[in-house]
Each structure stands twice: as C-alpha cells, then as structure tokens.
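# Topology and contacts: notes
Residues per chain are reported as follows:
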Amino acid sequence: MSQQPDPNLLVAAEAAPSLPSATLSLRASARLGPVFWLSVGWLALVGVLAATASLLPLRDPNISDFSSLAAGPSAHHWLGTDAVGLDLLSRIIYGARVSLAVGLFSILIGLAVGAPLGAVAGYFRGKVEAALMTVADAMLSFPALILLLFITAFFGKTLVNIIIAIAVVTVPVFLRLARANTLVLAQREFVLAARSTGASSWRVLWREVAPNILPSLLTFGLLAAAVAIVAEGALSFMGLSVPPQTPTWGNIIAGGRQEIQTDPLIVLFPSVAMFLTVFALNLAGERLRSMIDARGGRR
Amino acid sequence: MTAQSAPVLEMHELRTWFATPEGPLRAVDGVSLGVEPGRCLGVVGESGSGKTVLLRSIVGLLPRRAIASTGGTVCFEGLELAGAPPAVIRDVRGRRIGMVFQDPMTSLNPVMRVGTQLTDGMRHHLGVGRQEARRRARALLEAVGIPDPERRLRDYPHQLSGGMRQRVTIAIALACDPSLLLADEPTTALDVTVQSQILRLLGRLRRQRNMAVILVTHDMGVVAGSTDDLAVMYAGKVVEQGPTATVFSATRHPYTRALLEAIPRADARPGERLATIPGQPPSLVDPPSGCRFAPRCPRAADRCRAEEPPLAGADGHRFACWFPLGDPEPPAAAT
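About the criteria used
- Residues numbered from 1 in each chain as written.
- Chains lettered and ligands numbered in written order.
- Predicted model: local features only at pLDDT ≥ 70, side-chain atom pairs only at ≥ 80, totals over all residues.
- Heavy atoms only, no water.
- Helix = DSSP H or I, 4+ residues; strand = E, 2+ residues; numbered from the N terminus.
- Buried < 20%, exposed > 50% of the residue type's maximum accessible area, 1.4 Å probe, protein only.
- Contact = heavy atoms within 4.5 Å.
- Areas by Shrake-Rupley, 256 points an atom, 1.4 Å probe, with all protein chains shown as cover.
- Lys, Arg positive; Asp, Glu negative; His and termini not counted.
- Charge placed at Lys NZ, Arg CZ, Asp CG, Glu CD.
- pLDDT = per-residue confidence, 0-100.
- Pairing = 2+ DSSP bridges.
- Axes fitted to C-alpha atoms, helices over the stretch in contact; angles between N-to-C directions.
- Core = buried A, V, L, I, M, F, W, Y, C linked by side-chain atoms within 4.5 Å.
- Parallel < 35°, antiparallel > 145°, perpendicular 65-115°, else oblique.
- Nonpolar A, V, L, I, M, F, W, Y, C, P; charged D, E, K, R; others polar.

## What to know about the overall build of chain A
Each helix and strand counted, chain A has 11 helices and 0 strands in total. The buried share of chain A, taken over its 299 residues, is 42%. In chain A, of all internal contacts separated by at least 6 residues, the share reaching a separation of at least 24 is 71%. Roughly 15,100 Å² of accessible area belongs to chain A as shown, and the carbon and sulfur atoms make up 72% of that amount.

## Some thoughts on the overall build of chain B
Counting secondary structure elements, chain B contains 11 helices and 12 strands. Projected onto its principal axes, the C-alpha coordinates of chain B cover approximately 70 × 50 × 45 Å. Going through the 335 residues of chain B one by one, you find that 53% of them count as buried. For chain B, the accessible area works out to roughly 14,500 Å², and carbon and sulfur atoms hold 51% of it. Within chain B, one finds 40 positive and 34 negative side-chain charges whose respective centroids are separated by 7 Å.

## Side note on the confidence of the model for chain B
Residue and element names in this part refer to chain B. Overall, the prediction assigns chain B a mean pLDDT of 90, with 97% of residues at 70 or greater. Across chain B, element-level confidence peaks in strand E3 (residues 40–44) with a mean pLDDT of 96 and bottoms out in strand E11 (residues 312–314) with 87. As a predicted assembly, this complex carries a pTM of 0.80 together with an ipTM value of 0.83.

## Some thoughts on unusual backbone geometry
Of note, Arg125 of chain A is a non-glycine position whose phi angle comes to about 55 degrees, a positive value. If you trace the backbone, Arg125 of chain A turns up in the loop between helix H4 (88–124) and helix H5 (126–141). The backbone phi angle of Asp315 of chain B is positive, close to 55 degrees, even though this residue is not glycine. With respect to the secondary-structure elements, Asp315 of chain B resides in the loop between E11 and strand E12 (317–319).

## Here we look at the sheet that holds strand E9 (residues 229–234) of chain B
All names here are of chain B. Taken together, 8 strands build an open sheet; the order of strands is E6-E7-E8-E3-E9-E10-E12-E11 and the sheet is mixed. In this open sheet, the two strands that pair with only one neighbour each are strand E6 (97–100) and E11. Sheet twist, expressed as the average angle between the axes of neighbouring strands with direction ignored, equals 20 degrees. Relative to strand E7 (residues 180–184), E6 runs parallel, the two sharing 4 bridges. Bridge pairing in E7 links Gly98 to Leu181.

## Observations regarding the pairing of E9 of chain B
Residues and elements named next belong to chain B. For E9, the tally of buried residues reaches 6 of 6 residues, placing the bulk of the element in the interior. Burial along E9 is two-sided: the residues Asp229, Ala231 and Met233 and Leu230, Val232 and Tyr234 are all buried. Two strands pair when backbone bridges link them, and E3 and E9 are joined in this way by 4 bridges, in the parallel orientation. Residue pairing in the sheet places Gly42 in a bridge with Leu230 of E9. Summarising the sheet, E9 and strand E10 (residues 237–243) pair through 6 bridges and their orientation is antiparallel. Bridging across to E10, Leu230 finds its partner in Gly242. Connecting E9 to the antiparallel partner E10 that follows it, the hairpin turn spans 2 residues, and Ala235 within it adopts a positive phi of roughly 50 degrees.

## Considering the environment of Gly95 of chain A
Residue and element names in this part refer to chain A. Checked against the element boundaries, Gly95 lands in helix H4. Its relative accessible area of 0% is what places Gly95 among the buried residues. For the pair Gly95 and Pro270, spaced 175 residues apart in the sequence, the C-alpha separation amounts to 8.6 Å. Among residues more than four places away in sequence, those in contact with Gly95 are Pro247, Thr248 and Trp249.

## Focus on the nonpolar core
Counting 44 residues, the largest nonpolar core has Val102, Val204, Val209, Ile213, Leu217 and Trp249 of chain A as its most contacted members. Of all the secondary structure elements, the ones that give two or more residues to this core are helix H3 (33–51), H4, helix H6 (144–155), helix H7 (159–186), helix H8 (189–196), helix H9 (201–237), helix H10 (249–256) and helix H11 (264–298) of chain A. If you look at the next biggest cluster of nonpolar residues, it comprises 37 residues, including Leu108, Val128, Leu140 and Leu199 of chain B.

## Topic: the packing of H3 of chain A against H4 of chain A
All names here are of chain A. Two elements in contact, H3 and H4, have axes separated by 8 Å at closest approach and are oriented at 110 degrees. It follows from the interaxial angle that H3 and H4 lie roughly perpendicular. In this structure, H3 uses Val46, Gly47, Leu49, Ala50 and Ala51 to contact H4, whose residues at the interface are Ile93, Ala96, Arg97 and Leu100. Split into classes, the residues belonging to the contact of H3 with H4 amount to 7 nonpolar, 1 polar and 1 charged.

If you want it as structure tokens, here you go:
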C-alpha cells in the first residue's frame, strides 16, 4: 500500500507552499508592512546610537559650552544647547541609554518572572493558581507610582533600582497574560497528545506550552516596554529617577521647562525622541499582535 | 484464535465517575474488556457513551480534579495501572502504550518541527542519541507511508495535509514500539478516502508488530472492516460484546441493531428516511433504574425498567438484555 502514490500526499505537496509559515519567513516579513519596518528601523537607530554613544564624536553631555547658552541648532550643536550650554544631541543620545535600558531590562525581568509563574498557575490550577492570582491581583491593585516612589526612596535612585521597580510592576501583568494563554493551550489536543507519550507536567510546560505562549508574550512585551519608557520619563521628570548628571529624556525635558516659552526646542527634541520611540514600540507591537491573532484565529 | 494468547490489557469492572454539581456523573460504569496481542478491539457507541473516557482511564489521562471516584482494575502486561503512581503510568505511556487522537489538525504542536515531535519520545523513553533517534524517525515515517521522510522531518505540522498529519501522529505513537495502541476516533476528522488508507495502515502495522489495538469510534462502518472484536457501549456500560462478525451477523442487543440500522446506505433511494434512534441518551448523573436503554428500546418491558440485565452469553458473545433479539418478544412488549 505504501508503494502506491498516495493522492493525499500529492495534494499536500501542492498545498504546502501556499500556507503561511509559523516562523517569520520572508513572506511573513513582507506582510508586516512598511510601517512595521520603519518602526523597527527607528528603534534600531536609537539602539545603535545609544550603544555606541561613547564612541561617537559627540560632545561630553556634562560639559557646558559657555559660548552658546540656550542656542538653537547650529553646525557645532546640531540640536542646539540647553540653558547651561550642554549639547542637546549628546544628551538625548546618552539619555536614550537610560530609556532603552529601562524599557528592555524591566520588561525582560517582568517576563522572566511573571511568565513562568503564570504558566504554572494556568497549567496546574488549584491552590497554586489561587495563591499566585491573589498575589498578582494585590500587586495590580497597588498604585504603581507609589510603589515606584517607595522602591527608589528606600533603595536609592540608581538605574538598577529603577529597572527593578518597574519590573515589579509588570510581573503581575505578564503573570495574568501567561496564565490566560496557558488555560486555553492546556485544553488543546497536542498537550494531551504530549502527555500520552509519557511527558511529565514540567516537560509539557517547557516543550508544548512555552513555545506557544512566547510569541504573544514577547509581542505584549513591546507594548509594555513603551509604557515602561514613559514611566521612567515621568519619574525622571519629577527628579525621582537616576541622578541629574546622568542625562535622561525625562530630566532634559524637566531642565528645559523654565525656558519653554523662549526656547521651546530644548523641550521639543527630547520629547520627540521619546514620542517616536514609544510610538514605534506601539506600532511594531500592535502589528505583531494582530498577526498572531490572525494566526490564532485560523487555528 | 480468541483465547490463544494472554491478553495484553485486561480491564475489570473499570469505573470512572466525574464530579459535577448535581452529583457523580457515571461516565464509565463497570466495564470489563480485554485485548490480545495482534488483535483489534473496536469500541463503538454514540457521543457521550463513555468510550473516550474509557480509553483515557486506561492510561490515566483524565483531569484528576474532575474525577469523583474510580474503581476496578486495569492489568497491562502484568502491571496494575489503576491507581498506580503517576511516574509509573508516565513510563508506560508512550513507551508501551501509544495513543492516536481524533483530530490530527490539533494533536500536533504547531510550533515544533515534525522531527522534534517524533524523536522526543524516543530520546526521553529509550535514551537513544540524536542521530539514532533521527534514523529511527525516518524509518517510522517510511513505515507509515510518508515519502521523502528526510524533508518531512524538517516540516512544521501546518505544511502537511490532514492524512499526512494523522500518519505522523501514528508514527509518534509507534516510536517506542508499544505493545498496545489506543486509537480515539483516528479517522473521524479525515475524509472518506483517507479514512480507509489510515485504517489499512493501522491494520498492517498491527499485524507486522503483533500489537494490540483498541479502536474507539462511533462509526459502525469503521469497526466492520477493521476490528476482530467489538464492544458496544451505551451510557457508560458495555451492552454487547463479541467477535465483530458475530455481533454483526447475530446481533442480540436492540441498541446494537439500532446502531446498525442507522448506518447511511449508499443504495438508499433519494429522500428515504435515515433510521434513527428515538429519544436521547440518559443522564449519566441519574441513570434510569433497570436497563439504561429501556426508555428508548422498542422491546422494553416492565422487567427492563425495574431490573438491570447482566452482561452474559456464551462463546465470547455477551449481551446485557432481558429479551435479546432472536428470542421471543417479551410478554408485555409495548409497540
């Protein structure tokens, strides 16, 4: 029987190429559209500039040029200077380091802690789930800003503490999302099929559940990173983030707000940098999310 | 042929009750069945008759918190599976008992390559290396009739058709050379031409490997051609069992005959009414006293509604009916 050509197989061979791939193949990347790639391009640009800031021919962000105070853009200072003669381009690029570090690491920590706990809650159910969800709900109902203030006030205003503080706020969010996704997945037949091959619960979680919930968690991570960057900006603006000698978008804006009527560019440039970065994260995240949803809908 | 070799699997009075707010739901209520090496036992019944729960009870694949109570014994190759510790059952699952599920579209992990899913079990249970697992996976895919196995190992499930996927799930079930294969409606989600290919494949693999198969289905057409023995389930109980040919030719239980009459026939005239069974299966929370089929049975008499008939008979053909077909009509048959 197996020697005969199976009509079913021929159909499969023809049908296969027209099916969308689960991985990000070339065709899939094309479907993401130009907006997505523009967003990714901006994020890449900011990322590269921030990472290589100390190698770039930039002025020191903390050394004033007293010959040009609160000057507009010029050949010497591409984006001008602030009230004490600090180069804005340099400060914005160095400031991107803080914003991106906060956005990236707080979300990664939140994901690394929240997602496994959520998957465990959703897979094992019962008392474990009840306990985890109670803690998560309590954390969610606690005002985030107060918690951030509390952590920075007690443990000091260092970058690491800011990252940890924001990560703590995002843990319950990832926990809930991972649990919700796991609840659905645990009912799927391939999980049962994996158990029928003798896989233990932990193995099922790692091999079957994790790879299937990760895309939506990472996608949500992009959106959450945008929120984290805005949160850090707000803390910075209030002087509650890293000390002012480390430039951040938030403290550049705060520093320029006295001169906002005479020199609005000082506030405008860092605001635009933050806006574009947050917007790009949202657009990219939203695009990926809708693609994953479409795939899930197709089952 | 029947009683030649010792059964691979023997269930005795197996019972699985689920917890519901209304009380225990008797999904499987005292089922005794067995299957010998190289033979195929068909379990038929309509939806909700407990056949899938029966299959999953054997290997403990039911949500533990949903179960109100269990009972009976499941003896598999001398090992008692009912009530065995999870680690023991896990070791049996996949290695000595393989399983195939209904819908090949959902029983494969969409984000893992076929090769990974196929080699996982072997590497886990048998401890074979990556290369050796890969080699065996190729051989398995060839055995289940998939051409160009090397390429298929690198494919994701969505790149395969339904029939191919079911062949892959069969290959996964066979990966550790089990002595028993549990197939839960393996052809229901496939179209008819593919159905017969898969059934023939299962038959061929069973004979080649001298493997026992329990085939659960609601399709009498499927059991007719591919099983040696047959058990008809109704409302959590076996109502008739015996060699498939005997059950078909000398049907004794009215429910079995009703199922046989409900098979759509290709030579039926257009517009001809399909035979159906009036009424609905009884509630398994509060089953009727007496015979559970009595409320829908055309031959039911007072005794049927009062006393539960035992599963009895001769020559391996057993049935649970007070007034089986072939016997005279019951005295007070209300027709």
